[in-house]
Amino acid sequence: QVQLVESGGGLVHPGGSLSLSCVPAENIKTPLVMGWYRRTSSDKQRAFVASMTRGGSTTYAEFAKGRFTISRDNTKNTVTLQMNNLTPEDTAVYYCNAEDGRFLGTKYETDYWGQGTQVTVAS
């Protein structure tokens, strides 16, 4: 499985901003979808944050609308999440995801993940 590598997490004050980046550890075919998920300390599973298709269509979770912006570079196969006006509720581990190929019922045959990057929003 190809590893995705996230970066950009850290400690930020409420109202602040962070930009997360994700890059594949090796060359890959441009994924159909690239996106971001997150998991808080109390979550049992990762929650969807935002995604962008290869063609540029974006989808955002309700909590991300108006605050987060996803972008990707189909040449480098990188994806970025710009997060503004952060709140303590945004504290979580943020994971990069890439999907491609056939849908197998629960996931795509290509489903790559990173190890996550910690975002902590606190005074």
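Just above, that's the structure.
What you see is a predicted model, and the numbers here were worked out from it, not measured in a lab. (Residues numbered from 1 in each chain as written. Predicted model: local features only at pLDDT ≥ 70, side-chain atom pairs only at ≥ 80, totals over all residues. Heavy atoms only, no water.)

**Student:** Looking at this structure, how should I read the overall build of the protein?
**Tutor:** Looking only at helices and strands, one finds 0 helices and 11 strands in the protein. Beginning at the N terminus, the succession of helices and strands in the protein can be written as β-β-β-β-β-β-β-β-β-β-β. Here the C-alpha atoms of the protein give a radius of gyration of 14 Å, agreeing with the 14 Å that 2.2 N^0.38 yields for 123 residues. Projected onto its principal axes, the C-alpha coordinates of the protein cover approximately 45 × 30 × 25 Å. Looking at the protein residue by residue over its 123 residues, the buried ones come to 42%. At a minimum sequence separation of 6, the contacts of the protein that also span at least 24 residues come to 55%. Roughly 6600 Å² of accessible area belongs to the protein as shown, and the carbon and sulfur atoms make up 47% of that amount. The distance from the centre of the 12 positive side-chain charges to the centre of the 11 negative ones in the protein is 2 Å. (Helix = DSSP H or I, 4+ residues; strand = E, 2+ residues; numbered from the N terminus. Rg over C-alpha atoms; globule rule 2.2 N^0.38 Å. Buried < 20%, exposed > 50% of the residue type's maximum accessible area, 1.4 Å probe, protein only. Contact = heavy atoms within 4.5 Å. Areas by Shrake-Rupley, 256 points an atom, 1.4 Å probe, with all protein chains shown as cover. Lys, Arg positive; Asp, Glu negative; His and termini not counted. Charge placed at Lys NZ, Arg CZ, Asp CG, Glu CD.)

**Student:** Mind showing me how you'd approach unusual backbone geometry here?
**Tutor:** It is generally the case that most residues other than glycine have a negative phi and that most peptide bonds are trans. Phi at N77 is positive, roughly 60 degrees, even though this residue is not glycine. Of note, N77 is situated in the loop between β7 (68–73) and β8 (78–83). Residue N77 is classed as buried on the basis of its relative accessible area, which comes to 6%.

Function cannot be read off these values alone, since they describe shape.
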